[in-house]
Amino acid sequence: MRRFISGLLCLCLAGWLMTSSATAKDKGDILALKKDYPSEYIVVKGDTLWDISALFLQSPWKWPELWGFNPQIDNPHLIYPGDRLTLVWVNGKPRLQLNKGIRKLSPKAKVSLLDDAIPAIHLKDISSFLSEHVVKGSDTLLEAPYVLGSTNNRLVAGAGDRVYARGELVEDYHYQNLYRPAREFIDPDTQESLGFELRKVGEASVFARKEDIISLDLLETNEEISSLDRVFPSEDKRVTSTYYPSEPEGEINGRILSVVRGVKQAGQYDVVAINKGTREGLDTGHVLSVYTAGELLIDPVTKEPVTLPAEKSGLMMIFSPFEKVSYALILKATNVIAVGDEVRNPE
């Protein structure tokens, strides 16, 4: 499944790369290179387009521009381990020139080449979140059907069992998901309730309905289903057309609410939740910088408390935005990233 997702993501990037690059050219944007950028690079297994571009660019979220205008890279999303990349200048702008490495072909060449192609970004921590974690407002949560119990008056149930829920389905679909409230997100600055994080615990099909009682047959469960679990339709989110790194149009000043692994600190490719969402203009693919909160020191002369400036500690990309909360993937971490750290527009 991961190979299929990565392949589809790679394929859908092609058209966008051309459009994005043309837009950048019209604006006359200048790509800022790192001082120690290499003159050439040989692709290795485990690389991503983002990682490679970060070797050359000060702003890796502008990686489509680095690949966009080179006629030798008809499909910049299809590069493989062993390929040699050379930095050249085209009309005064830096571009990557591709020299294909030697790869042995076999009867399964078409499959193996696509599987081995370098993806835009890592997907291993993203794909499961598209349906397994959602954020709902308190009113939406309270109005959704809730599990009453299962057959034979059991307190918990698993795949193959029948459970009963009470309420009106949010969407009249034959297949429904069951979610369990995991936590309430509270804005650390305003104390506003931002919604509840729900964790998917199972999938079910609707067997029958009588008045407000819904009979559900459990098809698959991640955990045992119990009373008060909520019934929602599956979220309509896909990996195939969403991950296009870009800068937010408006100003963003937010904070990290949680690290999804259940710990306080995060590193590269961990998933975090932040206190900004679609109402602030955030969308899938938007890139933000992370800043570690400054320490509190006591001035040795005045004896007054002094808060040191926040320092940049990483880079993240939004991949699942909701109204007031968004999930993001940490793309780069130069220091420990923790709950409470600031997130701003990339610099």
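As the structure is a computational prediction, the values presented were derived from the model and not from experiment.

Asker: How would you summarise the sheet that holds strand E2 (residues 84-90) if you had to cite specific residues and measurements?
Answerer: As summarised here, the arrangement of the three strands in space is E1-E2-E3, forming an open sheet in which the pairing is antiparallel. This sheet does not close on itself; its edge strands, each paired only once, are strand E1 (40-42) and strand E3 (93-99). Taken pair by pair, the neighbouring strands of this sheet meet at an average axis angle of 30 degrees, ignoring direction. Each of E1, E2 and E3 is contacted by helix H2 (residues 49-56), which is oriented at about 155 degrees to E1, the strand it contacts most.

Asker: Provide a residue-level description of the packing of aromatic side chains, including the pertinent values.
Answerer: Using the criterion set out here, one finds two aromatic pairs in the structure. Seen in terms of ring centroids, Tyr-179 and Phe-232 are 6.2 Å apart; in terms of plane orientation they differ by 70 degrees. Their pairing is edge-to-face. One end of the pair, Tyr-179, is in strand E8 (residues 175-186); the other, Phe-232, is in strand E12 (residues 230-232), with 53 residues separating them in the sequence. Residue Tyr-179 shares its accessibility class with Phe-232, and that shared class is buried.

Asker: Give a description of unusual backbone geometry that names residues and reports values.
Answerer: Positive phi, close to 65 degrees, is recorded for Gln-191, a residue that is not glycine. Locating Gln-191 in the fold gives a position in the loop between E8 and strand E9 (193-210). Phi angles above zero are rare outside glycine, and Lys-303 is one such case at about 65 degrees. Structurally, the position occupied by Lys-303 is in the loop between strand E17 (296-298) and strand E18 (305-307).

Asker: Describe the sheet that holds strand E20 (residues 326-333), and please don't skip the residues or the numbers.
Answerer: One closed barrel accounts for six strands, arranged E13-E15-E20-E19-E16-E22; its pairing is antiparallel. Within this sheet the neighbouring strands show an average axis-to-axis angle of 45 degrees, counted without direction. As defined by bridge partners, strand E13 (residues 253-259) adjoins strand E22 (residues 342-344) across three bridges and the pair is classed as antiparallel. Each residue of the ladder has a partner; that of Arg-255, found in E22, is Glu-342.

Asker: Kindly report on the environment of Thr-307, identifying the contributing residues and their values.
Answerer: Within the element layout of this structure, Thr-307 appears in strand E18. By relative accessible area, which is 58% here, Thr-307 ends up exposed.

Asker: Quick rundown of the confidence of the model for the protein chain? Include the residues and the values.
Answerer: Mean pLDDT over the protein chain stands at 80; residues scoring 70 or higher make up 77%. Counting contacts from residues 238-242, a segment whose pLDDT is below 50, to residues more than four positions away or on other chains yields twelve contacts.

Asker: Tell me what's going on with the nonpolar core, and back it up with residues and numbers.
Answerer: Judged by nonpolar contacts, the single largest core of 45 residues is most densely connected at Ile-52, Trp-67, Phe-319 and Tyr-327. Among the elements that line this core, the one with the most residues is H2, at four residues. Other than its neighbours up to four places away in sequence, Ile-52 contacts Tyr-41, Val-43, Asp-47, Trp-67, Ile-79, Leu-85 and Leu-96. Core analysis: the second largest hydrophobic core is formed by 15 residues, Ile-252, Ile-256, Ile-274 and Ile-337 among them.

Asker: If you had to explain H2 to someone new, which residues and values would you point to?
Answerer: Counting buried positions over the eight residues of H2 gives six, a clear majority of the element. Turning to H2, its buried residues number three or more, namely Leu-49, Trp-50, Ile-52, Ser-53, Ala-54 and Phe-56.

Asker: Residues and numbers for the environment of Tyr-146, please.
Answerer: Position of Tyr-146 among the secondary structure elements: in strand E5 (residues 146-150). Sequence separation of Tyr-146 and Tyr-164 is 18 residues, and the distance between their C-alpha atoms is 8.5 Å.

Asker: Report on the pattern of salt bridges, specifying residues and quantitative values.
Answerer: Summed over all chains, the structure comprises 14 salt bridges. Arg-84 is paired through a salt bridge with Glu-40; the nearest N and O atoms lie 2.8 Å apart. Taken together, the residues Arg-84 in strand E2 and Glu-40 in strand E1 connect sequence positions 44 residues apart. With relative accessibility at 33%, the residue Arg-84 sits in the partly exposed group.

Asker: Account for a nonpolar patch on the surface, naming residues and giving values.
Answerer: Side chains of Leu-297, Val-306 and Leu-308 sit close together on the surface and give an oily, nonpolar patch of about 210 Å² of accessible area. Counting through the fold element by element, Val-306 comes out in strand E18. Since its relative accessible area comes to 34%, Val-306 is described here as partly exposed.

Asker: Account for the pairing of E2, naming residues and giving values.
Answerer: Here E1 pairs with E2 via three bridges, running antiparallel. Across the sheet, Ile-42 pairs through a bridge with Arg-84, a residue of E2. Inspection of the sheet shows E2 paired to E3 by seven bridges, in the antiparallel sense. Within E3, the residue paired with Val-90 across the bridge is Lys-93.

Asker: Which residues make up the side chain of Ser-215, and what values do they have?
Answerer: With respect to the secondary-structure elements, Ser-215 resides in strand E10 (residues 213-221). Among the residues examined, Ser-215 registers a relative accessible area of 12% and is labelled buried.

Asker: Account for the environment of Tyr-179, with residues named and values stated.
Answerer: Classification of Tyr-179 as buried rests on a relative accessible area of 1%. For the pair Tyr-179 and His-133, spaced 46 residues apart in sequence, the C-alpha to C-alpha distance is 8.6 Å. Side chain to side chain, Tyr-179 and Asn-177 meet in a polar contact 3.4 Å long.

Basis of the calculations
- Residues numbered from 1 in each chain as written.
- Predicted model: local features only at pLDDT ≥ 70, side-chain atom pairs only at ≥ 80, totals over all residues.
- Heavy atoms only, no water.
- Pairing = 2+ DSSP bridges.
- Helix = DSSP H or I, 4+ residues; strand = E, 2+ residues; numbered from the N terminus.
- Axes fitted to C-alpha atoms, helices over the stretch in contact; angles between N-to-C directions.
- Contact = heavy atoms within 4.5 Å.
- Phe/Tyr/Trp six-rings, centres within 6.5 Å; stacked < 30°, edge-to-face > 60°.
- Buried < 20%, exposed > 50% of the residue type's maximum accessible area, 1.4 Å probe, protein only.
- pLDDT = per-residue confidence, 0-100.
- Core = buried A, V, L, I, M, F, W, Y, C linked by side-chain atoms within 4.5 Å.
- Salt bridge = Lys/Arg side-chain N within 4 Å of Asp/Glu carboxyl O.
- Patch = residues over 30% accessible without salt bridge, like charges linked within 9 Å, V, L, I, M, F, W, Y side chains within 5 Å.
- Areas by Shrake-Rupley, 256 points an atom, 1.4 Å probe, with all protein chains shown as cover.
- Polar contact = N/O pair within 3.5 Å; in protein donor to acceptor, adjacent residues only side chain to side chain.

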